[in-house]
Amino acid sequence: MPQWGVIEQGAHVEMTVMKFNINGKSVTVDGDPSMPFLWAVRDLVGLTGTKYGCGIEICRACTVWVDGSPEKSCDMSASEAVGRTITTIEGLSATPAGAKLQQAFIDLQVPQCGYCQSGMLMAATRLLSGGGVPSDAQIDSAIGNICACGTYPRVKAAIKKAAGAGTPVTTPTTKPTTTTTTTRSTTTTTRATTTTTRPRATTTTTRPKATTTTTKPKTTPTTTKTTTTRGDD
Ligand code: FES
Ligand code: FES
């Protein structure tokens, strides 16, 4: 794998005039022939549709066609592309399969963030160029591109649609929207009403019966002092 344009201090970089054939046009650039072709495409030619993803030959975001075959442009030097026929995402719509696929990707709203999509389209178009409707297994083996957003089912559906399989029934990447209706439970608290009947204080006022005591007036015996007058004995 070429070094990522890391130039040691004081190192002499030999600039070379390189001629590329990209998207049917001849392009001449002046640059370091050991630089990754991805850098040359993006920075020297100015075609930025090809993306830099991992830089370690895994994600395939940097896929271009070299002589009609999908290749990782981070994995080849600029000098290796000289004299080859290069197709990038910018030239894909010129191919019948590429035009159909791009339309299918739009119709089925395949891209999410979109970062992987140019590499994905390069690989998918190559697959469709052979004609026929590819099976799921054929798609899986032909497209090893990594999509961090997980658009794989939609990619598969779009490839089949572009291949003439009609509109697929399912486009499962759309996350089903779960509508959660939260019904607030209304708790009616019936307050226990305690009626305290206060015992009425019954005050029975017994009216004291008026007792009329008739005190019989005591008859004071009248002592009649009898004065006996003693006669003369
Ligand atoms: S950037 Fe080339 S494979 Fe990831
Ligand atoms: S659409 Fe986001 S990485 Fe593939």
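Presented here is a report on the structure given in the accompanying data block. All values derive from a computational prediction rather than experimental measurement.

**As for helix 1 (residues 37-45)**
No. 1: Along helix 1, the residues that are buried comprise F37, L38, W39, A40 and V41.
No. 2: Buried residues along helix 1 sit against strand 1 (16-22), strand 3 (63-66), helix 2 (78-81) and strand 5 (85-87).
No. 3: Residue G46 follows helix 1 closely and has a positive phi angle near 90°.

**A look at the pattern of salt bridges**
No. 1: Tallied over the entire structure, the rule returns four salt bridges.
No. 2: Put simply, D140 and K156 hold a salt bridge, and the shortest N to O gap is 3.0 Å. Taken together, the residues D140 in helix 5 (residues 136-142) and K156 in helix 6 (residues 152-165) connect sequence positions 16 residues apart.

**Describing the packing of aromatic side chains**
No. 1: Enumeration according to the criterion identifies two aromatic pairs in this entry.
No. 2: Taking the centre distance of 5.2 Å and the plane angle of 70° together, the rings of F20 and F37 count as edge-to-face. In this pair, F20 is assigned in strand 1 and F37 in helix 1, connecting sequence segments 17 residues apart. You'll find F20 and F37 in the same group, each marked buried.
No. 3: The ring of W65 carries the charged tip of R126 above its face, separated from the ring centre by 5.5 Å.

**Remarks on the nonpolar core**
No. 1: Of all hydrophobic cores here, the largest spans 24 residues; its most connected members are L101, F105, I143 and I159.
No. 2: Contributing elements (two or more residues each) for this core: helix 3 (96-107), helix 4 (117-128) and helix 6.
No. 3: If one sorts the elements of this core by residue count, helix 4 sits on top with six residues.
No. 4: Excluding its chain neighbours within four sequence positions, the residues that come into contact with F105 are V110, P111, Q117, L121, V155 and A158.
No. 5: Counting 19 residues, the second largest nonpolar core, distinct from the first, contains F20, L38, V64 and M76.

**Side note on the sheet that holds strand 3**
No. 1: Pairing is mixed in the open sheet, where five strands are placed in the order 2-1-5-3-4. On the outer flanks of this sheet lie strand 2 (25-31) and strand 4 (69-72), each paired with one strand and no other. On average, each strand axis in the sheet is tilted by 45° relative to the strand beside it, whichever way the strands run.
No. 2: Sheet topology note: the strand 3/strand 4 ladder contains four bridges and is antiparallel.

**Quick word on the packing of helix 3 against helix 6**
No. 1: For the pair helix 3 and helix 6, the least separation of the axes is 8 Å and the interaxial angle reads 130°. The orientation of helix 3 relative to helix 6 falls into the category oblique. Here helix 3 and helix 6 pass one another in a crossing that is right-handed. In this structure, helix 3 uses K100, L101, A104, F105 and D107 to contact helix 6, whose residues at the interface are V155, A158, I159, K161 and A162.
No. 2: The residue makeup of the contact of helix 3 with helix 6, split by class, is seven nonpolar, no polar and three charged.

Calculation rules
Residues numbered from 1 in each chain as written. Chains lettered and ligands numbered in written order. Predicted model: local features only at pLDDT ≥ 70, side-chain atom pairs only at ≥ 80, totals over all residues. Heavy atoms only, no water. Buried < 20%, exposed > 50% of the residue type's maximum accessible area, 1.4 Å probe, protein only. Helix = DSSP H or I, 4+ residues; strand = E, 2+ residues; numbered from the N terminus. Contact = heavy atoms within 4.5 Å. Salt bridge = Lys/Arg side-chain N within 4 Å of Asp/Glu carboxyl O. Phe/Tyr/Trp six-rings, centres within 6.5 Å; stacked < 30°, edge-to-face > 60°. Lys NZ or Arg CZ within 6 Å of the ring centre and 35° of its normal. Core = buried A, V, L, I, M, F, W, Y, C linked by side-chain atoms within 4.5 Å. Pairing = 2+ DSSP bridges. Axes fitted to C-alpha atoms, helices over the stretch in contact; angles between N-to-C directions. Parallel < 35°, antiparallel > 145°, perpendicular 65-115°, else oblique. Left-handed = near helix turned anticlockwise from the far one by under 90°. Nonpolar A, V, L, I, M, F, W, Y, C, P; charged D, E, K, R; others polar.

Coordinates in, geometry out; function isn't part of it.
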